[in-house]
Amino acid sequence: MTRILAGALGECVHVAGVLNFLRLAEEAGHHTEFLGPATPVRDFIGAIRETNPDVVAVSYRLTPEVAEKLLTGFRHALEEAGLSRGRKFCFGGTKPVAEKAKALGFFDAVFTGEEPVEDIMGFLKGRPMVAKDEASYAHTMVERLRQKAPFPLIRHHFGVPAQDIEPTVEGIQKIARAKVLDVISLGPDQDAQENFFHPERCDPTRKGAGGVPVRTEKDLVRLYEASRAGNYPLMRSYSGTDELIRYAEMLERTISNTWCATSVFWFNALDERGPMSVEESIREHMQLMRWHGHRNIPVEANESHHWELRGCHDTVAVATAYIAAYIAKKMGVKDFIGAYMLHTPPQMSDRMDLAKMLAKMDLVGSLADKDFRVYKQTRSGLLSFPVDIAQARGQLGSSIYLQMFLKPDIVHVVAYCEADHAATADEVIESCTLARQVIVRSLGGLPNITLDPVIDRRKKELVAEVSVLMDAVRTLGGHGVEDALCDPLILARAVKVGLLDAPNLKGNPHAAGAIVTRAVNGAIQAVDPHSGRVLLERERIDRIFETIDVDV
């Protein structure tokens, strides 16, 4: 444990900054001692001699010219007392005063209050205050999480819809130099995801639709090279929707894809975003998870929010989050990222939203062991953002605050402008900066939401309802199926008959689309289509099994 001695020097009585520094030091596990405001040089020297600290933190926020003389005298007093070696010295003050402190060449770190909090935490963990090159930053998700703790990683998607990659190259360079995020999620356009290896299938009129028009491996290499600046953010990309393994190999080769994001039931004929059938797609996604698991590359399952975006009830949302994690574990994934999108659909109340997310996290977390590590990634739901920019900024801040109650490992920031237009680099930087401030404040201490009886009761209800639904899926498999939750045929059939269903799938030939849902007291419930009465999962499932002649 490092011993840190701190105080405001001379006649300076401003202590908010130094107290914040000591709070961070305590969070990092260090022992701290505060000398107070307006500490004379001789008292500072005496305290150093008496306590023999590992780090001495000096604060001064008044006149720069006076600070220069005072700090010079402080340094000479330390040298005369033989106390200037064997420990680190850091300084905190206003920018003009900090410039004087830096010029002395005496302090190991100088803070002005503009530094990211994680940089201060890095100093407290023994890292250089100014990282000079790429080697100073962790190169994998797991390593960077350890490096940044207790702060979550910040991720944002970026890909400028245009006729070429140049605007995205410039934007990535700008974002990297701003040092506001840890992971750039590259957003290729739809043709890149589906037809990268078949340019003859690309539609020139769709070029840049929904993202950056990546067409060659050189494009990807160039985009990755653009990120080699600032804090050298990790990079990942949306997965392909055809030839999944070949696409994954290409992403690993070109951008060192920091983790794979995939689904179980989507990006196929069901949502018309890929050529495969639902069953074939499930099988291919399972193999994609296996491929990454064997290479120790983390896998994110962005499964349940695709159901939520189509209006499913909360039970299906929680169940599909569990199924995706269950499959990932069976496929040998070692580092699993659960994705939790709040405010989806927007009519959910915050209480019911938190209850739903906690139910997901409890069930997914129950799978964790020494060979299957689970990480939490939260994000704002796009549908919750108003078009009005001022209101949207407020929504982003309130959403990040709500997410922090879930103690995320990764915060996926969605730019406040996304309801109106794809984010520019400046808007990504602004949105991440806003999110970082909320995160810093939240880490100072939040109430314990698990003590809210309404949230706890709803969470337990959902866990129980999911158990009923999982039993129904297993029953659908019959005695001849070893593990229905990992069987592509049974899972595809669960969608077809409506065990896994959503209202917006109505008329879809690959799904039932028969369920009716409503927001009831802030939760999304399955309801009787005629009376509007809430259906418990057992009753809903019994009605389905009556139509397909299955005995439960």
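Quick summary incoming for the structure in this document. These numbers come from a predicted model, not from an experiment.

## Section: the overall build of the protein chain
For the protein chain, the helix and strand inventory stands at 19 helices and 15 strands. Taking 552 residues into account, the globule formula puts the C-alpha radius of gyration at 24 Å, and the protein chain, at 27 Å, falls close to it. Principal-axis analysis of the C-alpha atoms places the extent of the protein chain at approximately 90 × 55 × 45 Å. Here the protein chain holds 552 residues, and 56% of them are scored as buried. Partitioning the contacts of the protein chain with sequence separation of at least 6, the portion at a separation of at least 24 is 71%. Carbon and sulfur atoms form 51% of the exposed surface of the protein chain, whose accessible area is close to 23,100 Å².

## Details of the sheet that holds strand S8 (residues 234–237)
Taken in spatial order, the eight strands line up as S8-S7-S6-S13-S12-S11-S10-S9 in an open sheet, and their pairing is parallel. Of all the strands in the sheet, just S8 and strand S9 (260–262) have a single pairing partner and so form its edges. Ignoring which end each strand starts from, the neighbouring axes of this sheet average 25 degrees apart. In the sheet, strand S6 (residues 153–158) pairs with strand S13 (residues 410–413) via four bridges, with the strands oriented parallel. For Arg155, the partnering residue across the bridge sits in S13 and is His412. Strands in contact with helix H14 (residues 350–365) are strand S11 (335–342) and strand S12 (373–380); relative to S11, the strand with the most contacts, it is inclined by about 165 degrees. Docked against the sheet, helix H16 (residues 425–442) engages S6 and S13, running at close to 160 degrees with respect to S6.

## A look at the pairing of S8
Of the two faces of S8, the one holding Leu234 and Arg236 and the one holding Met235 and Ser237 are both buried throughout. One ladder, built from four bridges, connects strand S7 (residues 183–186) with S8; its direction is parallel. Across the sheet, the residue bridging to Ser185 is Arg236, located in S8.

## Points about the environment of Asn268
Within the fold, Asn268 resides in the loop between S9 and helix H11 (278–294). On a C-alpha basis, the gap between Asn268 and Phe545 in space is 26 Å, while along the polypeptide they are 277 residues apart.

## Re the pattern of salt bridges
Overall, the coordinates contain 35 salt bridges when judged by the stated rule. The salt bridge involving Arg3 is made with Asp54; its shortest N-O contact spans 3.5 Å. One end of the pair, Arg3, is in strand S1 (residues 3–8); the other, Asp54, is in the loop between helix H2 (41–51) and strand S3 (55–59), and 51 residues separate them in sequence. Asp54 gets classed as partly exposed once you look at its relative accessible area, which sits at 29%. One salt bridge connects Lys459 with Asp362, and the closest N-O pair in it is separated by 3.1 Å. Of the two residues, Lys459 sits in helix H17 (residues 453–477) while Asp362 sits in helix H14, which places them 97 residues apart along the sequence. Using a relative accessible area of 16% as the deciding quantity, one classes Lys459 as buried. Since its relative accessible area comes to 38%, Asp362 is described here as partly exposed. Connected through shared salt-bridge partners, Glu308, Asp314, Lys356, Lys360, Arg458 and Glu461 make up one network.

## Side note on the sheet that holds S1
With respect to topology, five strands assemble into an open sheet ordered S2-S1-S3-S4-S5, the strand pairing being parallel. The open sheet has two edge strands, strand S2 (31–34) and strand S5 (109–111), and neither has a second partner. If you compare each strand with its neighbour and ignore which way they point, the axes differ by 20 degrees on average. Of the pairings in the sheet, the one linking S1 to S2 comprises four bridges and is parallel in character. Residue pairing in the sheet places Arg3 in a bridge with His31 of S2. Docked against the sheet, helix H1 (residues 16–27) engages S1, S2, S3, strand S4 (88–92) and S5, running at close to 160 degrees with respect to S2. Contacts between helix H5 (residues 117–124) and the sheet are confined to S1, S4 and S5, with S5 contributing the most and set at about 150 degrees to the helix.

## What about the packing of aromatic side chains?
Counting across every chain of the model gives 15 aromatic pairs. A ring pair is formed by Phe106 and Phe107, whose centres lie 5.1 Å apart and whose planes are at 70 degrees; its orientation type is edge-to-face. Relative to Tyr232, the ring of Tyr137 lies with its centre 6.0 Å away and its plane at 40 degrees, an arrangement referred to as tilted. With a gap of 95 residues between them, Tyr137 in the loop between H5 and helix H6 (141–148) and Tyr232 in the loop between helix H9 (217–226) and S8 connect regions that are remote in the sequence.

## Digging into the side chain of Ser263
If you trace the backbone, Ser263 turns up in the loop between S9 and H11. Of the polar contacts made by the side chain of Ser263, one reaches the backbone nitrogen of Trp266; its length is 3.3 Å. Excluding its chain neighbours within four sequence positions, the residues that come into contact with Ser263 are His285, Met289, Asn302 and Glu303.

## Some thoughts on the nonpolar core
Grouped together as the largest cluster of nonpolar side chains are 88 residues, with contacts concentrated most on Phe21, Val58, Phe74, Phe91, Phe107 and Leu124. Among the elements that take part in this core, H16 stands out by supplying seven residues, more than any other. Discounting chain neighbours no more than four positions away, the residues touching Phe74 are Leu9, Val41, Phe44, Ile45, Ile48, Val56 and Val58. Of all hydrophobic cores here, the second largest spans 76 residues; its members include Ala319, Ala324, Leu354 and Leu476.

## Considerations on the packing of helix H7 (residues 166–178) against H16
Relative orientation of the contacting elements H7 and H16 amounts to 25 degrees, with a least axis distance of 9 Å. As the angle between them shows, H7 and H16 are arranged roughly parallel. With respect to the hand of their crossing, H7 and H16 are arranged in right-handed fashion. Note on element contacts: H16 touches H7 through Ala425, Asp426, Val428 and Ile429, opposite Gly171, Lys174, Ile175 and Ala178. Class assignment for the residues of the contact of H7 with H16 results in five nonpolar, one polar and two charged.

## A look at the layout of surface pockets
Empty space within the second largest pocket amounts to approximately 980 Å³. What lines the second largest pocket is a set of 40 residues, and nearest its centre among them are Tyr238, Phe267, Arg273, His306 and Arg379. Among the elements that make up the lining of the second largest pocket, the one with the highest residue count is S6 (three residues). Of the residues belonging to the lining of the second largest pocket, the class tally is 14 nonpolar, 18 polar and eight charged.

## With respect to empty space enclosed by the protein
On inspection of all chains with the given rule, the structure shows three cavities of 30 Å³ or more. Here the largest cavity is characterised by a volume of approximately 60 Å³. Together, Ala301, Glu303, Ser304, Ala321, Ala324, Phe336, Gly338, Ala339, Tyr340 and Val364 line the largest cavity. Sorting the residues of the lining of the largest cavity by element identifies helix H13 (314–330) and S11 as the ones contributing at least two each. With four residues, S11 is the single largest residue contributor to the lining of the largest cavity. Here the residues of the lining of the largest cavity sort into seven nonpolar, two polar and one charged.

Cut-offs used in this document
In every chain, residue numbers begin from 1 and rise along the written sequence. Confidence filtering applies because this is a predicted model: local features only for residues at pLDDT of at least 70, side-chain atom pairs given and counted only at 80 or more, and all residues used for totals across whole chains, interfaces and linings. Excluded from the side-chain calculation are hydrogens and water; included are all heavy atoms of the structure. Helical segments are the DSSP runs of H or I of at least four residues, strand segments are the runs of E of at least two, and each set is numbered from the N terminus. Only the C-alpha atoms count toward the radius of gyration. The rule for a globule is 2.2 Å times the residue count to the power 0.38. Between buried and exposed lies partly exposed: a residue is buried under 20% and exposed over 50% of the maximum accessible area for its type, with that area taken using a 1.4 Å probe on protein chains only. Note on contacts: a residue pair is in contact if any heavy atoms of the two residues lie within 4.5 Å. The Shrake-Rupley method, run with a 1.4 Å probe sphere, supplies the accessible areas, and residue values consider only the shown protein chains as cover. Strands pair, by our definition, only if DSSP identifies at least two bridges between them. Axis definition: a line fit to C-alpha positions, over the contact stretch in the case of helices; interaxial angles, taken between N-to-C directions, run 0 to 180 degrees. Within this document, salt bridges are pairs made up of a side-chain nitrogen of Lys or Arg and a carboxyl oxygen of Asp or Glu, the two lying within 4 Å of each other. Think of it this way: a Phe, Tyr or Trp ring, Trp meaning its six-membered ring, pairs with another when their centres are within 6.5 Å, and the plane angle makes it stacked under 30 degrees, edge-to-face over 60, tilted otherwise. Residues adjacent in sequence count toward polar contacts only when both atoms are side-chain atoms; beyond that, a polar contact is any pair of N or O atoms within 3.5 Å, and within protein one must be able to donate a hydrogen and the other to accept it. Among buried residues, those of type Ala, Val, Leu, Ile, Met, Phe, Trp, Tyr and Cys that are joined through side-chain atoms within 4.5 Å constitute a nonpolar core. Orientation categories follow fixed angle ranges, with anything under 35 degrees roughly parallel, anything over 145 roughly antiparallel, 65 to 115 roughly perpendicular, and all other angles oblique. For any helix crossing, the convention is left-handed if the near helix is rotated counterclockwise from the far helix by under a right angle, and right-handed if that rotation is clockwise. Gly falls in the polar group here, along with every residue not listed as nonpolar (Ala, Val, Leu, Ile, Met, Phe, Trp, Tyr, Cys, Pro) or charged (Asp, Glu, Lys, Arg). Cavity means a closed set of points on a 1 Å grid over the protein atoms alone, one where a 1.4 Å probe fits but cannot get out, pocket means an open set with protein on both sides within 12 Å along at least 5 of 7 lines, and lining means a residue has an atom within 4 Å of a point. Grid points are joined across faces, edges and corners, and a volume is the space filled by probe spheres set on the points.

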